[in-house]
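# Structure assessment
Spelled out from the first residue to the last, the chains are:
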Amino acid sequence: MPVFKSGRGLAPQWCELEYFDIIKLSAGESYTFPRVGKKEKLIVGQGKCKIEFSGRAVIAEKNANLDLVVPEDTFKISDVVEDTILMRMCGRWCD
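Rules and cut-offs
- Residues numbered from 1 in each chain as written.
- Predicted model: local features only at pLDDT ≥ 70, side-chain atom pairs only at ≥ 80, totals over all residues.
- Heavy atoms only, no water.
- Helix = DSSP H or I, 4+ residues; strand = E, 2+ residues; numbered from the N terminus.
- Buried < 20%, exposed > 50% of the residue type's maximum accessible area, 1.4 Å probe, protein only.
- Contact = heavy atoms within 4.5 Å.
- Salt bridge = Lys/Arg side-chain N within 4 Å of Asp/Glu carboxyl O.

## Some points on the overall build of the chain
- Helices and strands together make up the secondary structure of the chain, namely zero helices and six strands.
- Along the chain, helices and strands appear, N-terminal first, in the series β-β-β-β-β-β.
- A burial count over the chain gives 36% of its 95 residues as buried.
- For the chain, restricting intrachain contacts to residue pairs at least 6 apart in sequence, the fraction spanning at least 24 positions comes to 66%.

Okay, here's the thing in structure tokens:
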């Protein structure tokens, strides 16, 4: 399995995952992800927070798996209740 570092232009051309990020937030912090990929997915690996995206707001906990469906949309993280780890994937994978 190929391994690559995250960053613009670092993924192999054939790879549908073009960028990834792991964000660690402490209680009380907030974060807005700038849009990077055609498609974006956010998975909560640990913790609890509010995530706003696509006109909705959800309280997300470990294993929450969210996708952006509006091309101009972003993920906005707030109300971090406890230390939280978020895994973000961006790319051009098929539906």
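## Topic: the pattern of salt bridges
- This model, assessed by the stated rule, comprises six salt bridges.
- Note that R92 and E18 form a salt bridge whose closest N and O atoms lie 2.7 Å from each other. You can see R92 sitting in the segment after β6 (76-91) and its partner E18 sitting in strand β1 (residues 17-25), a full 74 residues away along the chain.
- For R92, a relative accessible area of 32% gives the class partly exposed.
- According to the relative accessible area criterion, E18 is partly exposed, its value standing at 31%.

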